[in-house]
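What follows is each chain in one-letter form.
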Amino acid sequence: GVHRQILFTTVGWFVGYYLTKRTEYIYAKVDRELFEYVRHHPEDFKTKEKKRIGELLEDFYPVR
């Protein structure tokens, strides 16, 4: 009956809440490890010089 629906809804909400928190924790841990690696090895992650938009696009030749 209704009491089972309320019970399953409550259990599902708590399980979903726990899984969401665990997923966020795992992603935060991976992000922290990656940022630490980048911080300790800057030679592997050199910033490229920025290109202007004109250098990225091909020249435009109108067709007549």
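The paragraphs below set out a description of the structure included in this document. (Residues numbered from 1 in each chain as written. Predicted model: local features only at pLDDT ≥ 70, side-chain atom pairs only at ≥ 80, totals over all residues. Heavy atoms only, no water.)

Here's the deal with the overall build of the protein
Helix and strand counts for the protein come out as 2 helices and 0 strands. Scaling as 2.2 N^0.38, a compact globule of 64 residues should have a C-alpha radius of gyration of about 11 Å, whereas the protein reaches 26 Å, well beyond that. The 64 residues of the protein split such that 0% are buried. Counting only carbon and sulfur atoms, one obtains 61% of the accessible surface of the protein, whose full area is about 7200 Å². (Helix = DSSP H or I, 4+ residues; strand = E, 2+ residues; numbered from the N terminus. Rg over C-alpha atoms; globule rule 2.2 N^0.38 Å. Buried < 20%, exposed > 50% of the residue type's maximum accessible area, 1.4 Å probe, protein only. Areas by Shrake-Rupley, 256 points an atom, 1.4 Å probe, with all protein chains shown as cover.)

A look at the packing of aromatic side chains
Under the definition given, this model contains 3 aromatic pairs. An angle of 85° between the planes, with centres 5.1 Å apart, marks the rings of Trp-13 and Phe-14 as edge-to-face. On the basis of relative accessibility, which here comes to 53%, the residue Trp-13 falls in the exposed class. Through a chain of ring-to-ring contacts, three or more aromatic side chains come together here, namely Trp-13, Phe-14 and Tyr-17. (Phe/Tyr/Trp six-rings, centres within 6.5 Å; stacked < 30°, edge-to-face > 60°.)

A look at a nonpolar patch on the surface
On the surface, Leu-7, Phe-8, Val-11, Val-15, Tyr-18 and Leu-19 cluster together into a nonpolar patch covering about 620 Å² of accessible area. Along the chain, the position of Phe-8 falls in helix H1 (residues 2–40). (Patch = residues over 30% accessible without salt bridge, like charges linked within 9 Å, V, L, I, M, F, W, Y side chains within 5 Å. Salt bridge = Lys/Arg side-chain N within 4 Å of Asp/Glu carboxyl O.)

A word on the pattern of salt bridges
Two side chains bearing opposite charge may form a pair once their charged atoms approach each other closely. A complete count under the given rule lists 2 salt bridges for this structure. Between Arg-39 and Glu-36 there is a salt bridge whose closest N-O contact spans 3.0 Å. Note that Arg-39 and Glu-36 are positioned in helix H1 at a spacing of 3 residues, about one turn of the helix.

Note that every value here comes from positions in space, so none of it alone points to a role or purpose.
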